[in-house]
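# Analysis of the macromolecular model
These are the residues of each chain, in order.
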Amino acid sequence: MHTQKVDCVAAILRNAEGRVLLQQRSDGPGVPFAGYWTLPGGKVDEGETPGAAIGRELVEEIEIETSLELWRVYERPASDSVTVVQRVYVGRICAPISRLAVNEGQALRYCTFEEIERLPIAYGFDSLLKEYLSGNITIENMTPGDWEAVRAIYLEGIATRNATFETDAPDWETWDRG
């Protein structure tokens, strides 16, 4: 039997607290995994690169642009005749939930590893997230010595208008106060 391959993309987006952004799928009739939680993403359109596809999906679904790195490529069965070639990108997100659009699905939320373990997760992304979050990734408290590099990233977000609604970078003391 010939298996059709379909290219798909997804993004693991973490905020400053290390929480992962999840999107709750629609609960309409005929929606696979209706009401389950998933990662933002979708299918790669014909003639589109996977990198362009994940950028498009993030703009369409939650109206953000952010820098991403390809973390994993793997295949997963979608049916007896379809195999998904899944590309998973990782990146940071600075926006609070209130500033993100919900253009697809029912809701968005930032989740801890423990919260993810208790949610119904679509497409087998629960095991993927467990692997990613239990890896050799640590989040350390920021120190004044980190500020110049963080400030440069913050100013880049201001310049592109993709990462913040602010018009100037705060000083270290203001940033550290939150």
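Reference entry: report on the structure contained in this document. (Residues numbered from 1 in each chain as written. Predicted model: local features only at pLDDT ≥ 70, side-chain atom pairs only at ≥ 80, totals over all residues. Heavy atoms only, no water.)

Below, the discussion takes up the overall build of the protein. Helix and strand counts for the protein stand at five helices and seven strands. Counting helices and strands in the order they occur from the N terminus, the protein gives β-β-β-β-α-β-β-β-α-α-α-α. Over its C-alpha atoms the protein spans a radius of gyration of 18 Å, differing by no more than 12% from the 16 Å that the globule rule assigns to 178 residues. For the protein, buried positions account for 39% of its 178 residues. When contacts within the protein are restricted to residue pairs at least 6 apart in sequence, those whose partners lie at least 24 apart make up 62%. (Helix = DSSP H or I, 4+ residues; strand = E, 2+ residues; numbered from the N terminus. Rg over C-alpha atoms; globule rule 2.2 N^0.38 Å. Buried < 20%, exposed > 50% of the residue type's maximum accessible area, 1.4 Å probe, protein only. Contact = heavy atoms within 4.5 Å.)

Before going further, it helps to examine the packing of aromatic side chains. Considering all chains together, one arrives at four aromatic pairs under this definition. Taking the centre distance of 5.4 Å and the plane angle of 65° together, the rings of phenylalanine 33 and tyrosine 36 count as edge-to-face. Of the residues examined, tyrosine 36 reaches a relative accessible area of 33% and is grouped as partly exposed. Taking NZ or CZ as reference, arginine 72 lies 4.4 Å from the ring centre of tryptophan 71, over its face. The ring of tryptophan 37 carries arginine 109 above its face, with NZ or CZ at 5.5 Å from the centroid. (Phe/Tyr/Trp six-rings, centres within 6.5 Å; stacked < 30°, edge-to-face > 60°. Lys NZ or Arg CZ within 6 Å of the ring centre and 35° of its normal.)

With that out of the way, let us pick up helix H1 (residues 50–62). Between its terminal C-alpha atoms H1 stretches 18 Å, which fits the 18 Å expected from 13 residues at 1.5 Å a residue. Listing the buried residues of H1 in full gives Ala53, Ile54, Arg56, Glu57, Leu58, Glu61 and Ile62. Buried-residue contacts for H1 involve strand E1 (4–14), strand E2 (20–24), strand E4 (41–43), strand E5 (68–77), strand E6 (82–92) and strand E7 (107–111). (Expected span 1.5 Å × (residues − 1).)

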